[in-house]
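Okay, here's what each chain looks like letter by letter:
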Amino acid sequence: MHDLFVASAPGKVILCGEHAVVYGQMAIALPVSAVAAYATVRAGDRRGLVVEAADLGEVWRVDERPEHPLATVWSALRVRLPVGPPPALHVSLRSTIPIAGGMGSGAAISAAFVRALAGYLGLALDPADVSGMVYEAERQYHGTPSGIDNTVVSFGRPIVYRRHGEGAVPLMEPLALPGVLRLVIGDTGVRAPTRVTVAAVRERWQTSRQHFDALFTWIGEAVEGVRAALRADDLRRAGRLLDENQRLLQEVGVSSPELERLITAARRAGALGAKLSGGGGGGIMLALVEPTGAGMVERALRSAGAVRVIVTDVTAGPGESIVV
Ligand code: PMV
């Protein structure tokens, strides 16, 4: 056993394909390593597992909150430990990932938590193990999570995914990325729960199916195009297709004045492409920039009212395959 064990997990963003992915189209999600959740494990003072959520100023015992996602993760880990009373453990959690911003904060906290505990207790877990346990926790919390957040934060790699049925775990594969993607992410500060925008889109789709099916197909084509452009390291083309994806998302009705303001500011400051990311209606947007262009876009987003700006680089990451 170590004296102390620290582990982390990155945030995530959806690069393109949101909403259309609910209707069977392909989407791309990326890890955001500029923000992360961290867990530090050390010996506790009394039996059982104590969690200290440093950012929230909360300290609680896992067995007092069996409904909590971290209790689910802990149960999944415990079945892999030698039989016997659990050791006295203290886990301290910290995160720089915006909460409820579609950036995978909950999944990243669960992933860092389980990795740190496993590391402290000398248990080897591979990313697929971590992802599976985090998925269970997300399911407990959200009902039917898409499986994206747990996969991206556990593997720390860009993925392409497509759903094949309501509630089913989607088909996922690593995204080929020969170069580095530099993204600037801007937060509008407007909270818009994803389930609300997803439900609103469903209502509109029900009253105008043909039109919406066509929009989703075109979004799917834009995503295919982004994937091919990235594979060819053609960032300009990828940027134009992200703009096209945004135009289609406007038609789907999930943009907002605050998002448009940030997206326009990013483009004017030289972004290769910019769009909303995730559920929309508020929340975050992202801009793809030239490696030297991030500073200009960052400043432009701040003056256009972004409450938080994150600059991050995305690479293909280690070569292991993604198993779900
Ligand atoms: O903001 P997020 O990461 O929860 O993304 C939502 C993506 C949607 O396509 C709008 C919904 C979904 O479940 O895929």
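Just above sits the structure.
Residues numbered from 1 in each chain as written. Predicted model: local features only at pLDDT ≥ 70, side-chain atom pairs only at ≥ 80, totals over all residues. Heavy atoms only, no water.

Participant: What exactly am I supposed to notice about the site of the ligand here?
Facilitator: What surrounds the ligand is the set Lys12, Ile14, Glu18, His19, Val21, Val22, Gly102, Arg163, Thr194, Val198, Gly278 and Gly279. In this structure, an oxygen atom belonging to the ligand sits 2.8 Å away from a main-chain N or O atom of His19. Within the backbone of Gly279, a nitrogen or oxygen atom sits 3.3 Å from an oxygen atom of the ligand. In isolation the ligand exposes 380 Å². Once the protein is present, 84% of that is buried. Across the shell around the ligand, the residue classes tally to four nonpolar, five polar and three charged. (Near = heavy atom within 4 Å. Polar contact = N/O pair within 3.5 Å; in protein donor to acceptor, adjacent residues only side chain to side chain. Areas by Shrake-Rupley, 256 points an atom, 1.4 Å probe, with all protein chains shown as cover. Nonpolar A, V, L, I, M, F, W, Y, C, P; charged D, E, K, R; others polar.)

Participant: Hey, could you run me through the packing of aromatic side chains in this one?
Facilitator: Working definition: an aromatic ring pair is given by the centre-to-centre distance plus the angle between the planes. Counted by the stated rule, this structure contains three aromatic pairs. When the ring of Tyr23 is compared with that of Phe216, the centres are 4.3 Å apart and the planes differ by 10 degrees; the resulting orientation is stacked. Of this pair, Tyr23 sits in the loop between strand 1 (4-16) and strand 2 (27-43) while Phe216 sits in helix 6 (residues 209-231); the two residues are 193 residues apart in sequence, bridging distant segments of the chain. We classify Phe216 as buried; its relative accessible area is 1%. Through pairs of rings, three or more aromatic residues link up here, namely Tyr23, Trp205, Phe212 and Phe216. (Phe/Tyr/Trp six-rings, centres within 6.5 Å; stacked < 30°, edge-to-face > 60°. Helix = DSSP H or I, 4+ residues; strand = E, 2+ residues; numbered from the N terminus. Buried < 20%, exposed > 50% of the residue type's maximum accessible area, 1.4 Å probe, protein only.)

Participant: I keep staring at the pattern of salt bridges and nothing clicks. Help me out?
Facilitator: A pair can form between side chains of opposite charge whenever their charged atoms are brought close. Enumeration over the complete set of coordinates arrives at 15 salt bridges. Of the charged contacts in the structure, one is a salt bridge between Arg302 and Glu298, with a shortest N-O distance of 3.0 Å. With Arg302 and Glu298 both in helix 9 (residues 294-303) and four residues apart, this pair spans about one turn of that helix. Classification of Glu298 by relative accessible area gives partly exposed; the value is 24%. (Salt bridge = Lys/Arg side-chain N within 4 Å of Asp/Glu carboxyl O.)

Participant: Which parts of the structure should I look at to understand the sheet that holds strand 9 (residues 273-277)?
Facilitator: Adjacent strands of a sheet form backbone hydrogen bonds with each other and so pair up, either parallel or antiparallel. Spatially, four strands are ordered 9-10-8-11 in an open sheet, and the strand pairing comes out antiparallel. One side of each edge strand has no neighbouring strand; the edge strands of this open sheet are strand 9 and strand 11 (308-314). Across this sheet, the average inter-strand angle for adjacent strands is 25 degrees, counted without regard to direction. Across the sheet, helix 9 is in contact with strand 8 (181-187), strand 10 (284-289) and strand 11; its angle to strand 8 comes to roughly 10 degrees. (Pairing = 2+ DSSP bridges. Axes fitted to C-alpha atoms, helices over the stretch in contact; angles between N-to-C directions. Contact = heavy atoms within 4.5 Å.)

Participant: How do you make sense of the environment of Gly132 when you look at a structure like this?
Facilitator: For Gly132, the location among the structural elements is in helix 3 (residues 127-142). Since its relative accessible area comes to 35%, Gly132 is described here as partly exposed. Placed 59 residues apart in sequence, Gly132 and Val73 show a C-alpha to C-alpha distance of 9.5 Å.

Participant: Quick question: what am I supposed to make of the environment of Asp234 here?
Facilitator: Note that Asp234 resides in the loop between helix 6 and helix 7 (235-252). A sequence separation of 55 residues divides Asp234 from Gly179, and the C-alpha atoms of the two residues are 9.5 Å apart.

Participant: Would you take a moment to explain the nonpolar core for this structure?
Facilitator: Considering soluble globular proteins, one finds that nonpolar side chains tend to be buried as a cluster. Membership of the largest hydrophobic core comes to 97 residues, with the highest contact counts inside it found for Leu15, Trp74 and Phe113. Counting residues per element, this core draws most heavily on helix 2 (residues 105-120), at ten residues. Core analysis: the second largest hydrophobic core is formed by nine residues, Ile14, Val21, Ala27 and Val152 among them. (Core = buried A, V, L, I, M, F, W, Y, C linked by side-chain atoms within 4.5 Å.)

Note that every value here comes from positions in space, so none of it alone points to a role or purpose.
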